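Residue strings, one per chain:
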Amino acid sequence: SAFCCSEVAPVRWPTPSRAAFCKKSSRSMPHPVGCLPQWLVNGLIACQAPVLALLNPGWITSFAHSRRESWKVESLATDAVIAALQSVQDEGDPRWYRVSAKDRVVTCWFLTPIQNWLDKQVLRLKEEDGAVHVDAWSCSTCIFPAWFPLAPLLGFVFFWAPFLDHGKNAAHLRDLRQAIEQAGGKVTVLGE
């Protein structure tokens, strides 16, 4: 009889990079590829996500799959806003793959459920007039999911192909605004 992938029990390994950034959760993201072992999917994501986030091969068509907003945050200092933004990863949700802060710039990586496309958020913070002003940007990085073999390379080959985010980048920014509000900040959206 022929070998069938459905006869093999799926192996559930924690995503290596996720485990390194958030030790509270060892859950891994589900994937749509059936036969591909979970450890291989996790390895591809761990290797390719940083490349996709750095190079952003979908930048040329980003008008179709990005969102930019300006916020004014009152009642919280800059450090408290950064801590609130970092808290999205601390909640143990494996979709928030990485959150880092450096020099008042917070960078987040979000993996979409099931398909694992990488969306990147960059939030630049500055203090003005007793409030924290945030320039928030979210963008889908590639037409191929982060687990897809050679996704960064293929993303550059198909850089010209527009793709939609189906409102996901607006939802990511809304989630980040809600995290700030849950920490006690009052967020006003100044513009899109």
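Refer to the preceding data block for the structure.
Residues numbered from 1 in each chain as written. Predicted model: local features only at pLDDT ≥ 70, side-chain atom pairs only at ≥ 80, totals over all residues. Heavy atoms only, no water.

### Regarding the pairing of strand β3 (residues 105-111)
Applicable threshold: Here's how the labels work: a residue is buried when its accessible area is under 20% of the maximum for its type, exposed when over 50%, partly exposed in between, all with a 1.4 Å probe on protein chains only. For the purposes of this entry, the term helix denotes a DSSP run of H or I that reaches at least four residues, the term strand denotes a run of E that reaches at least two, and both are numbered from the N terminus. For two strands to pair, DSSP has to find at least two bridges joining them.
Within β3, six of the seven residues are buried, which leaves it mostly tucked inside the rest of the structure. One ladder, built from six bridges, connects strand β2 (residues 96-102) with β3; its direction is antiparallel. Within the sheet, the bridge partner assigned to Ala 101 lies in β3 and is Val 106. As consecutive antiparallel partners, β2 and β3 are separated by two residues, and within that stretch Asp 103 has a phi angle of approximately 50°, a positive value. In this structure, β3 lies alongside strand β4 (residues 118-128), joined through seven bridges in antiparallel fashion. Looking at β4, one finds that Trp 109 is bridged to Lys 120.

### Section: the nonpolar core
This is how it is decided: Only buried residues count toward a nonpolar core, which is a set of Ala, Val, Leu, Ile, Met, Phe, Trp, Tyr and Cys residues joined through side-chain atoms within 4.5 Å.
Membership of the largest hydrophobic core comes to 23 residues, with the highest contact counts inside it found for Trp 71, Leu 123, Leu 176 and Ile 180. If you list the elements that add at least two residues to this core, you get β1 (66-74), α3 (78-90), β2, β3, β4, β5 (131-140) and α5 (168-182). Sort the elements by how many residues they give to this core and α3 lands first, with five residues. One finds Ile 45, Tyr 97, Phe 144 and Trp 147 within the second-largest nonpolar core, a separate group that totals 15 residues.

### Comments concerning the side chain of Gln 121
Note the threshold: Throughout this description, a polar contact denotes any pair of N or O atoms lying within 3.5 Å of each other; where both atoms belong to protein, one of them has to be capable of donating a hydrogen while the other can accept it, and for residues adjacent in sequence the pair is counted only when both atoms sit in side chains. Only heavy atoms enter the contact rule, under which two residues are in contact if any of them lie within 4.5 Å.
Residue placement: Gln 121 occurs in strand β4. At 3.2 Å, the side chain of Gln 121 and the side chain of Ser 138 are in polar contact. Beyond its immediate stretch of four places on either side in the chain, Gln 121 contacts Trp 96, Val 106, Thr 107, Cys 108, Trp 109, Phe 110, Trp 137, Ser 138, Asn 169, His 172, Leu 173 and Leu 176.

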